[in-house]
Amino acid sequence: MKKPNILFILCDQLRADVLGCMGGPAATPNLDALAAEGVCFTNCMTVAPLCVPARISLMTGKYPHSNGAWDNAPYILSPDADLWPKLIRAQGYATSVFGKLHLHSDYGDMIAYEPIVQGYGFDTVNEISGPHSSTQTRTHMSEMWKEKGLWEAYCLDMDTRKEPFARPSPLPLEDYYDVYVGRAGRNYLENYRDERPWFCHVSFGGPHEPWDTPEPYASLYAPEAMPRPLPLTEDLNPDRPRGMVDANLKKPRLRCTEETAAALRADYCGAVTLIDRQIGEIIETVKRRGEWDNTVVLISSDHGELNGDHGMVKKRNFYRGALNVPLIVRTPDTAGRTGHFCPALVSLLDIGATLVDYAGGEQNYIQFGRSLRGVIENESDSFRDCLLSELSGELMYMDSRWKLVTNAKGDVYQLFDLEKDPDELLNLAGAEEYKETETRLTLRLFRELAQTRCLTAAVMQMTEPPLSEEFRENYGDSVAIRPRRMT
């Protein structure tokens, strides 16, 4: 039987609980329909609540401490690294990517970087950067904006978005970046004539802030109808150690009042509905090709967005709003079944292993993702017993009941009983009655960390320059430098 086609859709900064199928406020009929005939994993957590470390880990199947990508610093994922898209291509697939990858510098001439992305395992490449960095990046999309006279207005609009607020993009709907990405993926599939099965990766730049959803989606939701954000977390022990969350609360660009949150959430929901519409049009294209019954679809995000929860916006913390991402998988085997909402603990690392499994490949190198195929086909609710996440030297451990976070010094500064406090409103860290729990979970965290370090120590690949001599001859070190905005 012909191998299944694979459609992998990734969003940027999409939190799971905003989707309609998850009980959220955004209308997402196409994602809901996929969940209704597939598996929706309700406890999928990112391995890092920030773009670059999350996306590097997604591609390598390794934790940030193995990759050396702890933050959004200039970073180049080496084309020589072990990456699962290469394995899918090796299984006879024609591979393509449309949209945001953020696996190398997010600035400069990204059209010239296409050989790097082809080295990652993608035959056809049409890459964009994020909303902010698009003002300093040359892509096929930005070239189109310039031809249409939209470039200067877009750059000026981005220059004035320094604090959290919602305002519609000056871009017309048809030229908005998420519509561009959806159209690029759709056009590729409409014109696909190869005899090989296809693997198409469509990676949207939204609903990542700066809350610039275009009309008519910007006005689709009323701020007063939005769910109220979660309040600030209280400390059982005010003398607990401090960490990244405390520092973030002091930064104006990350703080958010309840009034501001309502407007941000309304705009965010508009962006989610816009992306859902693009996903629906891609799916319709697959159906018109007569390939829907032989296509695997996997939809997820790199991390979430607080949108006012706990008094903050964006990510860079280990609260559920920033950690919990959607993961919906629909396969030919699940079609016709009633959708299954699976509560198993799942990591972003598991996406690559799952897609390689469906392509018929095998990952014969050290990585920490696990294929979800058995869970999907057997509708099991058991998978991992714990999850790890990392950012800027801080570590998070989570199991079915507890979440523990250590700061860069290794001190526990957040502890939540998720069974009694699923909204994470009472921080138990440093409280005398939870010292034993802290110690037990900390030992488990560092045991898990030590195991991954030992397994990768002997085979860890360098994912920063130096790159090949051919690459240096063509591109030098320019990819690690942020140039001034193009005019």
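Note that the structure is predicted; figures quoted are calculated from it, not measured.

Re the packing of aromatic side chains
And then number 1: Under the counting rule described, the total for this entry stands at 10 aromatic pairs.
And then number 2: Taking 6.0 Å as the distance between ring centres and 85° as the angle between the ring planes, the aromatic pair formed by Trp84 and Phe199 counts as edge-to-face. With Trp84 in helix H4 (residues 84–90) and Phe199 in strand S7 (residues 198–203), this residue pair connects regions lying 115 residues apart in the sequence.
And then number 3: Seen in terms of ring centroids, Phe122 and Phe199 are 6.4 Å apart; in terms of plane orientation they differ by 25°. Their pairing is stacked. Here Phe199 lies in strand S7 and Phe122 lies in the loop between helix H5 (114–119) and strand S5 (124–128), a separation of 77 residues in the sequence.
And then number 4: The buried category is assigned to Phe122, whose relative accessible area is 0%.
And then number 5: Using a relative accessible area of 0% as the deciding quantity, one classes Phe199 as buried.
And then number 6: In textbook terms, an aromatic cluster arises when at least three aromatic residues are bridged by ring pairs, as seen for Phe8, Trp84, Phe122 and Phe199.
And then number 7: Lys146 extends its terminal NZ or CZ atom over the ring of Trp151, reaching a point 4.7 Å from the ring centre.

Describing the packing of helix H6 (residues 140–147) against helix H8 (residues 177–190)
And then number 1: Closest axis-to-axis distance for the H6/H8 pair is 11 Å, and the angle between their directions is 120°. Where H6 crosses over H8, the two elements pack in a sense that is right-handed. On H8, the residues that touch His140, Met141, Met144 and Trp145 of H6 are Tyr177, Tyr180 and Arg183.
And then number 2: Taken together, the residues of the contact of H6 with H8 break down into 5 nonpolar, 1 polar and 1 charged.

Here we look at the sheet that holds strand S11 (residues 340–347)
And then number 1: Strand order in the open sheet formed by 8 strands is S5-S3-S7-S1-S9-S10-S2-S11, and the pairing between neighbours is mixed. If you trace the sheet from one side to the other, it starts and ends with S5 and S11, each paired once. Neighbour to neighbour, the strand axes of the sheet diverge by 15° on average, direction disregarded.
And then number 2: In this sheet, S11 lies alongside strand S2 (residues 39–45) in parallel orientation, the contact comprising 6 bridges. When the sheet's bridge partners are listed, Asn43 is paired in S11 with Leu345.
And then number 3: Each of strand S1 (5–11), S7, strand S9 (295–301), strand S10 (327–330) and S11 is contacted by helix H12 (residues 350–359), which is oriented at about 175° to S9, the strand it contacts most.

Quick word on the pattern of salt bridges
And then number 1: For the coordinates displayed, the defined rule picks out 33 salt bridges.
And then number 2: Residues Glu291 and Arg289 are paired through a salt bridge, measuring 2.8 Å at the closest nitrogen-oxygen approach.
And then number 3: Relative accessible area serves as the criterion here: at 13%, Glu291 is assigned to the buried category.
And then number 4: Taken together, the salt bridges that share partners define one network made up of Asp12, Arg55, Lys100 and Asp302.

Re the layout of surface pockets
And then number 1: Put simply, the largest pocket is a space of about 890 Å³.
And then number 2: As for the largest pocket, its lining consists of 39 residues, of which Tyr107, His132, Ser133, His208 and Glu209 are closest to the centre.
And then number 3: Broken down by secondary-structure element, the contributors of at least two residues to the lining of the largest pocket are helix H2 (51–60) and helix H7 (151–159).
And then number 4: No other element matches the 3 residues that H2 contributes to the lining of the largest pocket.

A word on the side chain of Thr139
And then number 1: Take Thr139: it is sitting in the loop between strand S6 (137–138) and H6.
And then number 2: Other than its neighbours up to four places away in sequence, Thr139 contacts Met110, Ile111, Glu127, Ile128 and Ser129.

Re the pairing of S10
And then number 1: Burial along S10 is two-sided: the face carrying Leu327 and Val329 and the face carrying Ile328 and Arg330 are both buried.
And then number 2: When S2 meets S10, the two strands line up antiparallel, connected through 2 bridges. Bridged to Val39 within S10 is Val329.
And then number 3: When S9 meets S10, the two strands line up antiparallel, connected through 4 bridges. Paired with Ser300 across the bridge in S10 is Leu327.

What to know about the environment of His65
And then number 1: Within the secondary structure layout, His65 lies in helix H3 (residues 64–67).
And then number 2: Here the side chain of His65 touches Thr452 through a polar contact of 2.7 Å, side chain to side chain.

Some points on unusual backbone geometry
And then number 1: Going from Gly206 to Pro207, the amide bond is cis rather than trans, its omega being 5°.
And then number 2: Cis geometry is adopted by the peptide bond preceding Pro216, which originates at Glu215 and carries an omega value of 5°.
And then number 3: Position of Pro216 among the secondary structure elements: in the loop between S7 and strand S8 (234–235).
And then number 4: The phi dihedral of Glu379 is positive, around 55°, even though this residue is not glycine.
And then number 5: Classification of Glu379 as partly exposed rests on a relative accessible area of 33%.
And then number 6: Although it is not a glycine, Glu424 adopts a positive phi angle of roughly 60°.
And then number 7: Within the secondary structure, Glu424 sits in the loop between strand S15 (412–417) and strand S16 (426–427).
And then number 8: Given the relative accessible area of 3%, Glu424 is considered buried.

How each quantity is defined
- Residues numbered from 1 in each chain as written.
- Predicted model: local features only at pLDDT ≥ 70, side-chain atom pairs only at ≥ 80, totals over all residues.
- Heavy atoms only, no water.
- Phe/Tyr/Trp six-rings, centres within 6.5 Å; stacked < 30°, edge-to-face > 60°.
- Helix = DSSP H or I, 4+ residues; strand = E, 2+ residues; numbered from the N terminus.
- Buried < 20%, exposed > 50% of the residue type's maximum accessible area, 1.4 Å probe, protein only.
- Lys NZ or Arg CZ within 6 Å of the ring centre and 35° of its normal.
- Axes fitted to C-alpha atoms, helices over the stretch in contact; angles between N-to-C directions.
- Left-handed = near helix turned anticlockwise from the far one by under 90°.
- Contact = heavy atoms within 4.5 Å.
- Nonpolar A, V, L, I, M, F, W, Y, C, P; charged D, E, K, R; others polar.
- Pairing = 2+ DSSP bridges.
- Salt bridge = Lys/Arg side-chain N within 4 Å of Asp/Glu carboxyl O.
- 1 Å grid on protein atoms, 1.4 Å probe; cavity = no way out; pocket = protein on both sides within 12 Å on 5 of 7 lines; lining within 4 Å.
- Points joined across faces, edges and corners; volume = space filled by probe spheres on them.
- Polar contact = N/O pair within 3.5 Å; in protein donor to acceptor, adjacent residues only side chain to side chain.

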